[in-house]
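Residues per chain are reported as follows:
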Amino acid sequence: MVYLYPRLLPAAASGLREEYLRHSVECLRERSTLSHPAMFYAATGGARLPERRLGSLRESVLSCATERGYPAKPGRKQAAGFDIEVATILHRDSGIVPAEAVAGDLWAFLSLVVLPDVSAWRFTDLHRDRVLGTDITRHVFGRLWWRAHLLCDEDGGREDLYASLSVLNESAFDQIYARRTSIGGSPHLVRAIVRVWQTLDVPPHAERKVLRDFLMRVLRLNAFISFDTLPADILDEELEGVFRESLSVVVGV
């Protein structure tokens, strides 16, 4: 069954964010709830999500944060581990579907009503894009669901469908997802990029430049090649050639 998640009206979301800027993580934990007077649901598409499911989701995400030092501010390694684990939980267990996942007000409800303390723990400045859903590619939870959705390898025969989440760091994946109208919107292409990336020996200091050059080349080829119609093995071979061109130009190998 498809469940509809609660959403939060934009004015209420902005008000909560302004209020939360004055509070500590510990205080915001007391403000967590499973409903809000300004919440609403999409008019059609499924049944409303039971509150117990929201409560279970909160406990799962909070547990991930607690394992990494919550409420103390996380280090870079802790934050990266949290992101990978929560991406898996959100995509595998939440029941959120793509049609719902594009709604910024859904993510605003999760970050400001259900998980305000975890939001502030992960991003202490509570930047607007991180909690309001104004840019899902940067939202504290929305970006993780989409990262898992694009990388979940249901056809790859792997026991761990989400193993690819740890291949690219956040900034690298952001370069791909930011181009979602041409590259980042295609799970078939994104998974191929990650598969090929793992096979290359890219110097750590050049990874960002190589990936940027590679994505620009793929964007140009996108006008002539339908990547989504290519079988995985042929697509991988094509992308490997493009990657090696970028390596040659950027690194000289």
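The rules behind each value
Residues numbered from 1 in each chain as written. Predicted model: local features only at pLDDT ≥ 70, side-chain atom pairs only at ≥ 80, totals over all residues. Heavy atoms only, no water. Phe/Tyr/Trp six-rings, centres within 6.5 Å; stacked < 30°, edge-to-face > 60°. Helix = DSSP H or I, 4+ residues; strand = E, 2+ residues; numbered from the N terminus. Contact = heavy atoms within 4.5 Å. Buried < 20%, exposed > 50% of the residue type's maximum accessible area, 1.4 Å probe, protein only. Polar contact = N/O pair within 3.5 Å; in protein donor to acceptor, adjacent residues only side chain to side chain.

A few points about the packing of aromatic side chains
Stage number 1. In total, this model carries five aromatic pairs according to the counting rule given.
Stage number 2. Consider the rings of F82 and W121, whose centres lie 5.0 Å apart with planes at 75 degrees: the pair is edge-to-face. Pair noted here: F82 is in helix α4 (residues 76-93) and W121 is in helix α7 (residues 116-122), with a separation of 39 residues, a long-range link.
Stage number 3. Aromatic pair W197 and F243: ring centres 5.3 Å apart, planes at 55 degrees, arrangement tilted. A residue pair is termed long-range when its members are at least 10 positions apart, and W197 in helix α11 (residues 187-199) and F243 in helix α13 (residues 232-250) qualify at 46 residues.
Stage number 4. Grouping aromatic residues by their ring pairs yields a cluster made of Y70, F82 and W121.

As for the environment of G133
Stage number 1. Within the fold, G133 resides in the loop between α8 (128-131) and α9 (142-151).
Stage number 2. Residues G133 and F109 lie 24 residues apart in sequence; the distance between their C-alpha atoms is 9.1 Å.
Stage number 3. In this structure G133 touches G104, R128 and H139, once residues within four positions along its chain are discounted.

Some remarks on the side chain of R58
Stage number 1. Locating R58 in the fold gives a position in helix α3 (residues 51-66).
Stage number 2. With a relative accessible area of 8%, R58 lands in the buried category.
Stage number 3. Engagement of the side chain of R58 in a polar contact is seen with the side chain of S32, the distance being 3.3 Å.
Stage number 4. Discounting residues that sit within four places of it in the chain, R58 has contacts with R29, S32, V114, L115 and D117.

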